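Report on the structure
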Amino acid sequence: MAEAIDIRELNIRIEQQSSFVTNLVAGMDRVIVGQKHLVESLLIGMLSDGHILLEGVPGLAKTLAIKTLSQLVDADYSRVQFTPDLLPADVIGTMIYSQKDEKFQVKKGPVFANFVLADEINRAPAKVQSALLEAMQEKQVTIGGDTFQLPNPFLVMATQNPVEQEGTYPLPEAQVDRFMLKVVIDYPTLEEEKLIIRGNLGGSAPEVRPVTTSEEILKARSVVREVYIDEKIEQYIADIVFATRYPDRYGLKDMKNYISFGGSPRASINLAKASRAYAFIKRRGYVVPEDVRAVAHDVLRHRIGMTYEAEASNITSEEIVSKIINKVEVP
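So, here's what we can say about the structure. As a convention, each chain's residues are numbered from 1 in the sequence order in which they are written. Local features are withheld for residues below a pLDDT of 70 in this predicted model, meaning they are given only at 70 or higher, and side-chain atom pairs are given and counted only at 80 or more; totals for whole chains, interfaces and linings count all residues. Heavy atoms from the whole structure form the basis of all side-chain values; hydrogens and water molecules are not counted.

**Considering the overall build of the protein chain**
Numbered from the N terminus, helices here are DSSP runs of H or I no shorter than four residues, and strands are runs of E no shorter than two. Counting its secondary structure elements, the protein chain contains 14 helices and 13 strands. With the radius of gyration taken over C-alpha atoms, the globule rule is written as 2.2 Å times the number of residues to the power 0.38. By the compact-globule yardstick of 20 Å for 331 residues, the protein chain fits well, its C-alpha radius of gyration being 21 Å. Judged by the C-alpha coordinates and their principal axes, the protein chain covers about 70 × 50 × 50 Å. Among the 331 residues that make up the protein chain, the fraction classed as buried is 48%. Long-range pairs, those at least 24 residues apart, make up 79% of the contacts in the protein chain with a sequence separation of at least 6. Residue burial considers only the protein chains on display, and all accessible areas are found by Shrake-Rupley using a 1.4 Å probe. Accessible surface for the protein chain amounts to roughly 16,700 Å². Of this, 50% is attributable to carbon and sulfur atoms. Of note, the protein chain has its 38 positive side-chain charges centred 2 Å away from the centre of its 45 negative side-chain charges. A simple rule labels every residue: compare its accessible area, found with a 1.4 Å probe on the protein chains alone, to the largest value its type can have, and call it buried under 20%, exposed over 50%, or partly exposed in between. Contacts between residues were defined by any pair of non-hydrogen atoms, one from each residue, lying within 4.5 Å. Positive charge is attributed to Lys and Arg, negative charge to Asp and Glu, and no charge count is given to His or to the chain ends. Lys charges are placed at NZ, Arg charges at CZ, Asp charges at CG and Glu charges at CD.

Structural data, given as structure tokens:
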């Protein structure tokens, strides 16, 4: 009974804390037509302190989405266009000699912002990618022997174009695993496309004003951490991740030849965190199986290694996640 009262209290607190979510979504809708899933994923990443990798062809509002989000939150925003000649110092910063003071001074790089857009992350060599990924994991940067903490909240949204292969450096699996979500963006519908044309021919873009602050987001994060996950839901999350490692144990024998490796414990942690954030967005103080199913593809699609056999049979990690979700018993 005490638990029921706690959840009721939590629901009331979530109702109060999550009002800014409505304002953020409304603000995004004024600028971006459609792409509901992209907006939702950005909110999940922001509320659960995770980074997002976006994949989609050029022109699908990937850059516009994070820029709009940073304008709606009263926060710092920076954009790094990744190119083959980029150096780690161009991202994290470097030491510069000041003739006036006759000593070296630290010049911080664009990574020192609340929202960092790493545009076309697969265009820069491995040393630049790893410099950014270290900052993402440790939330700190070392320049010339001094360590600097990155601002809080700190969200990296990296984009990559799946079409081009020339002049790109694909992210290794271990680095892709650092991203909480990998969101694949699709084309807009026919109706949305007409609205996009109309909006862009109209001339001026809608003005974006802040509707919330960084402090508000940090407060919301602490409430998200209190969202209740039942033991049955924990078991469900563990079963889904285990099914990516040992599909034959879950009656998916035919999948065994297609998976070279499954999700790590990071997959389980992020699946639980993303489910909590999704429940919060839906104004609920507890996680239900639908929340887990809603975020499973984004959390797992980049954490499953595919064999050559899978590629030859045109089987994607997307299909494997779908089969696992349909097979694993729902509590």
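**Observations concerning the sheet that holds strand β9 (residues 155-160)**
Only strands joined by at least two bridges in the DSSP assignment are considered to pair. Spatially, β3-β6-β9-β1-β10 is the arrangement adopted by the 5 strands of the open sheet, whose pairing is parallel. Taken across any chain shown, the strands that pair with only one partner, and hence form the sheet edges, are β3 (77-81) and β10 (181-184). Strand after strand, the sheet turns through a mean of 20° between neighbouring axes, direction not considered. When strand β1 (residues 52-55) meets β9, the two strands line up parallel, connected through 4 bridges. Looking at β9, one finds that leucine 53 is bridged to alanine 158. Only the stretch in contact is used when a helix axis is fitted, and all axes are lines through C-alpha atoms; the angle between N-to-C directions ranges over 0 to 180 degrees.

**Points about the pattern of salt bridges**
Definition used for salt bridges: Asp or Glu carboxyl oxygen within 4 Å of a side-chain nitrogen of Lys or Arg. Within this structure, the stated rule accounts for 15 salt bridges. One salt bridge connects aspartate 29 with lysine 36, and the closest N-O pair in it is separated by 3.5 Å. For lysine 36, a relative accessible area of 55% translates into the label exposed. Of the charged contacts in the structure, one is a salt bridge between aspartate 119 and arginine 79, with a shortest N-O distance of 2.6 Å. Pair noted here: aspartate 119 is in strand β6 (residues 115-119) and arginine 79 is in strand β3, with a separation of 40 residues, a long-range link. In this structure aspartate 119 comes out as buried when scored by relative accessible area, which is 6%.

**Thoughts on the side chain of aspartate 177**
Tracing the backbone through its elements, the reader meets aspartate 177 in the loop between α7 (173-176) and β10. Of the residues examined, aspartate 177 reaches a relative accessible area of 14% and is grouped as buried. Polar contact is defined as a pair of N or O atoms within 3.5 Å, subject to the rule that within protein one atom must be able to donate a hydrogen and the other to accept it, and that residues adjacent in sequence are counted only when both atoms are side-chain atoms. At 3.5 Å, the side chain of aspartate 177 forms a polar contact with the side chain of serine 264. Those residues in contact with aspartate 177 that sit more than four places away from it in its chain are Ser264, Arg266 and Arg303.

**Here's the deal with the packing of helix α3 (residues 36-47) against helix α4 (residues 62-72)**
With their axes 11 Å apart at the nearest point, α3 and α4 run at an angle of 50° to one another. Considering the angle they form, α3 stands oblique to α4. Read as a crossing pair, α3 and α4 show a hand that is right-handed. Residues Leu38, Leu42 and Met46 of α3 touch α4, and the partners they reach there are Ala65, Ile66 and Leu69. Any residue that is not Ala, Val, Leu, Ile, Met, Phe, Trp, Tyr, Cys, Pro, Asp, Glu, Lys or Arg is counted as polar, Gly included; the first ten are nonpolar and the last four charged. When its residues are assigned to classes, the contact of α3 with α4 shows 6 nonpolar, no polar and no charged. Geometric relationships in this document are graded by angle, where less than 35 degrees denotes roughly parallel, more than 145 denotes roughly antiparallel, 65 to 115 denotes roughly perpendicular, and other angles denote oblique. Throughout, a crossing is termed right-handed when the near helix is turned clockwise from the far one, and left-handed when it is turned anticlockwise from it by less than a right angle.

**Describing the pairing of strand β5 (residues 103-108)**
Relative to β5, strand β4 (residues 93-98) runs antiparallel, the two being bridged by 6 bridges. Bridge pairing in β5 links serine 98 to lysine 103. Two successive antiparallel strands, β4 and β5, enclose a turn made up of 4 residues, where glutamate 102 displays a positive phi of approximately 55°.

**With respect to the packing of aromatic side chains**
Stacked, tilted and edge-to-face are the three classes applied to pairs of Phe, Tyr and Trp rings, where Trp contributes its six-membered ring and a pair requires centres within 6.5 Å; stacked means planes under 30 degrees apart, edge-to-face means over 60, and tilted covers the rest. What the rule picks out here adds up to 3 aromatic pairs. Look at phenylalanine 112 and phenylalanine 148: their rings are 6.4 Å apart centre to centre, the planes differ by 85°, and that puts the pair in the edge-to-face class. In this pair, phenylalanine 112 is assigned in the loop between β5 and β6 and phenylalanine 148 in strand β8 (residues 146-149), connecting sequence segments 36 residues apart. The same class applies to phenylalanine 112 as to phenylalanine 148, namely buried. The criterion is that NZ of a Lys, or CZ of an Arg, lies within 6 Å of the ring centre and within 35 degrees of the ring normal, and then a charge sits over that ring. Stacked on the ring of phenylalanine 112, the Lys or Arg lysine 108 has its end atom at 4.9 Å from the ring centre.

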